[in-house]
Amino acid sequence: MRALKAEGVKTIFGYPGGAIMPVYDALFDYTRGEKKCFDHILVRHEQAATHAAEGYARVSGEVGVALVTSGPGATNTLTGVADAMMDSTPMVVIAGQVAISALGTDAFQEVDLVGVAQPVSKWSYQIRHAKDIAWAVSRAFFIARSGRPGPVVLDFPRNAQVEEVEWEPQRVNFVRSYVPFPPLDNMLVAEAARLINEAKRPLALVGQGVELAGAQEELKAFLEKADIPAGRTMLGLSALPSNHPLNVGMLGMHGNYAVNLKEQECDVLIAIGMRFSDRVTGNLKTYAKQAKIIHLDIDKSEIDKNVKTDIAVVADCKESLPAITALLNKNEHREWRESFKELDNKERVKVIEPAIHPACGPLLMGEVVNAVAEATKGDAVLVTDVGQNQLFATRYFKFNQKRSICTSGGLGTMGYGMPAAIGATFATNRTVCCFMGDGGFQMCIEELGTIMEQQAPVKMILMNNNYLGNVRQWQDMFWRRRKSFTKMMNPNYELIAQGYGISYEAVTDRSTLAAAIERMLAEKGPFILECAIKEDDDVLPMTPPGMNVNDMMLEI
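Residues numbered from 1 in each chain as written. Predicted model: local features only at pLDDT ≥ 70, side-chain atom pairs only at ≥ 80, totals over all residues. Heavy atoms only, no water.

Draft legend 1. Spotlight on the overall build of the protein chain. Each helix and strand counted, the protein chain has 23 helices and 18 strands in total. Scaling as 2.2 N^0.38, a compact globule of 556 residues should have a C-alpha radius of gyration of about 24 Å, and the protein chain matches this with 24 Å. In terms of its C-alpha atoms, the protein chain occupies a principal-axis envelope of roughly 70 × 60 × 45 Å. Residues classed as buried in the protein chain amount to 59% of the 556 residues present. By element, 52% of the accessible surface of the protein chain is carried by carbon and sulfur atoms, the whole surface being about 22,800 Å². A distance of 3 Å separates the average location of the 57 positive side-chain charges in the protein chain from that of its 66 negative side-chain charges. (Helix = DSSP H or I, 4+ residues; strand = E, 2+ residues; numbered from the N terminus. Rg over C-alpha atoms; globule rule 2.2 N^0.38 Å. Buried < 20%, exposed > 50% of the residue type's maximum accessible area, 1.4 Å probe, protein only. Areas by Shrake-Rupley, 256 points an atom, 1.4 Å probe, with all protein chains shown as cover. Lys, Arg positive; Asp, Glu negative; His and termini not counted. Charge placed at Lys NZ, Arg CZ, Asp CG, Glu CD.)

Draft legend 2. Geometry of empty space enclosed by the protein. The tally for this structure, following the rule as stated, stands at 3 cavities of 30 Å³ or more. As a volume, the largest cavity reaches approximately 70 Å³. Among the residues forming the lining of the largest cavity, the class breakdown is 4 nonpolar, 2 polar and 4 charged. In this structure, the second largest cavity encloses a volume near 60 Å³. Together, Arg58, Gln208, Glu211, Leu235, Ser238, Arg403 and Ile405 line the second largest cavity. In terms of residue class, the lining of the second largest cavity is built from 2 nonpolar, 2 polar and 3 charged. (1 Å grid on protein atoms, 1.4 Å probe; cavity = no way out; pocket = protein on both sides within 12 Å on 5 of 7 lines; lining within 4 Å. Points joined across faces, edges and corners; volume = space filled by probe spheres on them. Nonpolar A, V, L, I, M, F, W, Y, C, P; charged D, E, K, R; others polar.)

Draft legend 3. Expanded view of the layout of surface pockets. When its volume is computed, the second largest pocket comes out at roughly 880 Å³. Of all elements in the fold, only helix 1 (2-6), helix 2 (21-30), helix 7 (133-145), strand 6 (151-157) and helix 8 (158-162) reach the threshold of two or more residues within the lining of the second largest pocket. No other element matches helix 2, which puts 5 residues into the lining of the second largest pocket. The residue inventory of the lining of the second largest pocket, partitioned by class, reads 20 nonpolar, 2 polar and 8 charged.

Draft legend 4. Broad picture of the side chain of Thr69. Structurally, Thr69 can be placed in the loop between strand 3 (64-68) and helix 4 (72-75). With relative accessibility at 6%, the residue Thr69 sits in the buried group. At 3.2 Å, the side chain of Thr69 and the backbone nitrogen of Ala19 are in polar contact. If we skip the residues at most four places from it in the chain, Thr69 touches Tyr15, Pro16, Gly17, Gly18, Ala19, Ile20, Ala74, Ala95 and Gly96. (Polar contact = N/O pair within 3.5 Å; in protein donor to acceptor, adjacent residues only side chain to side chain. Contact = heavy atoms within 4.5 Å.)

Draft legend 5. Layout of the sheet that holds strand 8 (residues 230-232). Pairing within the open sheet is parallel, and its 6 strands lie in the order 9-8-7-10-11-12. This sheet does not close on itself; its edge strands, each paired only once, are strand 9 (247-250) and strand 12 (311-314). With direction set aside, neighbouring strand axes in the sheet form an average angle of 15°. Bridging between strand 7 (residues 202-206) and strand 10 (residues 268-272) involves 5 bridges; their strand directions are parallel. When the sheet's bridge partners are listed, Leu203 is paired in strand 10 with Leu269. (Pairing = 2+ DSSP bridges. Axes fitted to C-alpha atoms, helices over the stretch in contact; angles between N-to-C directions.)

Draft legend 6. Helix 22 (residues 493-500), seen in detail. Capping the start of helix 22 is the job of one residue whose side-chain oxygen sits 3.0 Å from the backbone nitrogen of Glu494: Asn492. Gly501, located one to two residues past helix 22, shows a positive phi value of around 65°.

Draft legend 7. Structural view of the packing of aromatic side chains. Counting across every chain of the model gives 14 aromatic pairs. Between Phe142 and Tyr178, the ring centres sit 5.9 Å apart and the planes meet at 85°, which makes this aromatic pair edge-to-face. With Phe142 in helix 7 and Tyr178 in the loop between helix 8 and helix 9 (186-198), the pair connects residues that are 36 residues apart, well separated along the chain. Judged by its relative accessible area of 14%, Phe142 is buried. Between the aromatic rings of Trp474 and Phe478, the centroid separation amounts to 5.5 Å while the plane-to-plane angle is 80°, which identifies the pairing as edge-to-face. You can see Trp474 and its partner Phe478 sitting in helix 21 (residues 469-478), 4 residues apart, about one turn around the helix. Judged by relative accessible area, which is 35%, Phe478 ranks as partly exposed. The positively charged end of Arg32 is found above the aromatic ring belonging to Phe28, 3.8 Å away from the centroid. Above the plane of the ring of Trp123 lies Arg139, whose end atom (NZ or CZ) is 4.5 Å from the centre. (Phe/Tyr/Trp six-rings, centres within 6.5 Å; stacked < 30°, edge-to-face > 60°. Lys NZ or Arg CZ within 6 Å of the ring centre and 35° of its normal.)

As structure tokens, this is what we get:
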């Protein structure tokens, strides 16, 4: 408890069990009375503890903390650990373990946690003796939050929990062979600035690295000085305000039409804190072959991993961006920026307007997201589950503030949404809107108990189409409409909400949508808004998997 307090921990998400009971007994005193310094949030499943810690970390900028028991308690966290690893989310998971004298005996709830966690974590370590606790906890937090952030797993045998030692605080800020903040190479900075100054059609790709570095203002200064249009990855959506004049939309398979096509026309492509995932690049053999590639990233392993770069500046973008900006000429690329507008208008007519302002028929996901976005005026935190709800939400939500999006990007974890939203509510006083499909909602439905107990003010928008919608769309498009096990029988969500004492309203007609959203946002506590969605509502535009980014389809 003293080691966690020394790291500035305020909130812990956890679930007790036999092998972690000594820690929970100590935690009792630190959550009440004169010693109180932590809030402990009792989740209903250990996986939810990690997703809640992720949501807390994404919005607060702090390290999320999950505390669980051994065996299944520990293995239940691994999906969240892998999710945090893929999405560079700082998190420390502390799991109980059998005493070291029992290791290797197949003792009750024993599992080789260090072994199974190693491939999906930034560091995993077993604290075998009490004298190592202060050092191990400090090292864990240093590794989790520094450089490219990520999850750390501490395996905590029971003997180390009950041993007694004199408390000696430790502060780890150096690990041999670990260089979290590579030194800036000024020659490469100058080369990058030269290429950008010479560019006629520059395009920036903005990733979550800008958010993680706290470099939002540095990004704006960079883009505005050189007049560079910028696309944003899904995880980087709130790094640049939605209404910024240089924002040209979301990148990726279901992103915006113009920015995806213009990746194939630009002469200089500047990737900032993003990893060139397959969902952004499409077919790598044809991706941006006409462009000079500049990659700014803190993680050297991302350089040339997927896309061959011409200049790579390996450093924290909070340092590299202003260094490059200082060498840029004040520029204007009006003709290049104007060339996006025709494609934007084409998408607006064919896709956006029919999706957010349909004239008739059942409710659509796009119009529900747009209505909530308009009501919250870009000031809410967006949390999504995974599937069509995620794709529509990220396309049509609006962002005015930084650190405003929590979604499972790399791993695509269904069941992420509700617990991540719970975590987000403990990180901010802003409205937290969580969009879920009926599939993802049922993967984490037990966390309604956590919401009930904490009265966590999550605004849950359940977009119910009675299908695993994203899989159904792919079946329709690529599998001859053979809908193999994607149709879902759903429970009565009103009765479920009633059982948990959570306010609920159903919307089946668009004429009542705006008023229902207003009532949801006016509610001080949690709220479930169930929207009956058209069953075959499709997410467009779309770049089919393996195709070129400029093969993006506006219609099916």
